[in-house]
Amino acid sequence: MLIAVVSDIHANLTALEAVLADAGDVGGLWCLGDVVGYGPQPNECVQALQAWEPRLVCIAGNHDWASLGHLDTADFNADAERAALWTREHLALASYAWLKSLPQRESRVRFTLVHGTPREPIWEYLVSPAAARDNFAILETPYCFVGHSHLPFICREGEQNNAVFDPATPRRPVQLDEQRAFINPGSVGQPRDGNPDASYLILDDERQTVEHRRVAYDIALTQQLMSAAHLPERLINRLSHGW
Ligand code: ZN
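Everything quoted here is computed from the prediction, not taken from an experiment. (Residues numbered from 1 in each chain as written. Predicted model: local features only at pLDDT ≥ 70, side-chain atom pairs only at ≥ 80, totals over all residues. Heavy atoms only, no water.)

**Q** Before we go on, may I ask you to explain the coordination of the zinc ion in this structure?
**A** The reference angle at a metal is 109.5 degrees if four donors form a tetrahedron and 90 or 180 degrees if six donors form an octahedron. Looking at the metal site, the zinc ion is ligated by Asp 8 (OD), His 10 (NE2), Asp 34 (OD) and His 150 (NE2), spaced 2.1 to 2.3 Å from it. Read N to C, the donor residues that coordinate the zinc ion are spaced as D-x1-H-x23-D-x115-H. Separated by 116 residues along the polypeptide, Asp 34 in the loop between strand 2 (28-31) and helix 2 (42-50) and His 150 in the loop between strand 6 (143-145) and strand 7 (153-157) bring together distant segments of the chain. Residue His 150 is classed as buried on the basis of its relative accessible area, which comes to 1%. (Donors = N, O, S within 2.8 Å, 3.2 Å for Na, K, Ca; no water. Helix = DSSP H or I, 4+ residues; strand = E, 2+ residues; numbered from the N terminus. Buried < 20%, exposed > 50% of the residue type's maximum accessible area, 1.4 Å probe, protein only.)

Printed below as a string of structure tokens:
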């Protein structure tokens, strides 16, 4: 079965729709959190994911929790805080209830799913070999999908407790082998690796391969909706540049 693995949609429905169209006829959708926050269409993104139930697996991210008031937005930078408060104000009751129901972690056969890391599912960024090593030590499955950094990569466990990060090459399937790995599909709604195209991946669970993909979407449309909602200028501009 093919499964689309997405993360960090951040209320960018236009990007999510482009990704789902590109994924085509997949058998499941796994989402690694941050469904909302930053972007202009939180309720619509929740509904788009709900339409995939029961083929959907979705976990919570820090921005989902911020929109629920589960964590203090004082830890966010000023623009992120403004966007989180906007999201909190505009979240429908049904979206609130659904986001509140999301678990912090899930596992499916050989895969753990978290937003941050197995150690700190909501908050920790898995971006350094040190963080990867510490988390390999407590990882209970061979592979783990993570989001949160908005950076697409595969990080394999090497010899002598080493952890090696490889940036993802789009449209090139990678075989998962005996080496354990953390895999980040990148961000659908706010890529931060210098490429503004939406990022996600396809897992083929029979062949045990992952294929990162990039998809162009109508960035200007999302930006218009953000302007109309008076969301911060910096958050609007960054979508053009992918940072
Ligand atoms: Zn995020």
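**Q** Please clarify how the packing of aromatic side chains should be interpreted in this entry.
**A** Think of a pair of aromatic rings as described by two things: how far the centres are apart, and how the planes are tilted against each other in angle. Considering all chains together, one arrives at seven aromatic pairs under this definition. Ring plane angle 70 degrees and centroid distance 6.1 Å describe the contact between Trp 30 and Phe 145, whose orientation is recorded as edge-to-face. Residue Trp 30 is found in strand 2, and its partner Phe 145 is found in strand 6; the two are separated by 115 residues along the sequence. An angle of 35 degrees between the planes, with centres 5.5 Å apart, marks the rings of Phe 111 and Tyr 143 as tilted. Separated by 32 residues along the polypeptide, Phe 111 in strand 5 (residues 111-114) and Tyr 143 in strand 6 bring together distant segments of the chain. The exposure classification of Phe 111 matches that of Tyr 143, with both residues buried. Joined through ring pairs, the aromatic side chains of Trp 30, Phe 111, Tyr 143 and Phe 145 make up one cluster. (Phe/Tyr/Trp six-rings, centres within 6.5 Å; stacked < 30°, edge-to-face > 60°.)

**Q** How do you make sense of the sheet that holds strand 8 (residues 163-167) when you look at a structure like this?
**A** Pairing between the strands of a sheet comes from backbone hydrogen bonds, and it takes one of two forms, parallel or antiparallel. The six strands lie next to each other as 4-5-6-10-7-8, forming an open sheet whose pairing is mixed. Looking at strand neighbours, the two that pair on one side only are strand 4 (105-108) and strand 8, the edges of this open sheet. For this sheet the average axis-to-axis angle between neighbouring strands, irrespective of direction, equals 20 degrees. Taken strand by strand, helix 6 (residues 129-136) contacts strand 7, strand 8 and strand 10 (181-184), and its axis lies near 120 degrees from that of strand 8. (Pairing = 2+ DSSP bridges. Axes fitted to C-alpha atoms, helices over the stretch in contact; angles between N-to-C directions. Contact = heavy atoms within 4.5 Å.)

**Q** Any chance you could explain the sheet that holds strand 11 (residues 198-204) here in plain terms?
**A** Judged by pairing direction, the sheet is mixed, and its six strands sit side by side in the order 3-2-1-11-12-9 without closing on themselves. One side of each edge strand has no neighbouring strand; the edge strands of this open sheet are strand 3 (56-58) and strand 9 (174-175). For strand 9 and strand 12 (residues 209-215), the ladder comprises two bridges, and the chain directions are antiparallel. In the sheet register, Val 174 faces strand 12, and the bridge partner there is Val 210. Packing against the sheet, helix 1 (residues 13-23) makes contact with strand 1 (2-6), strand 2, strand 11 and strand 12, and its axis sits at approximately 30 degrees to strand 11.

**Q** What's the story with the pattern of salt bridges in this structure? I'm lost.
**A** Between side chains of opposite charge, pairing is possible as soon as their charged atoms come close. Throughout the structure, instances matching the rule amount to 11 salt bridges. Between Glu 124 and Arg 119 there is a salt bridge, with the nearest N and O atoms lying 2.4 Å from each other. Overall, Glu 124 belongs to the buried group, its relative accessible area being 14%. Glu 211 is the salt-bridge partner of Arg 213, the closest N and O atoms lying 3.1 Å from each other. Owing to a relative accessible area of 14%, Arg 213 belongs among the buried residues under this scheme. Connected through salt bridges with shared partners, the residues Asp 22, Arg 171, Glu 211 and Arg 213 form a single ionic network. (Salt bridge = Lys/Arg side-chain N within 4 Å of Asp/Glu carboxyl O.)

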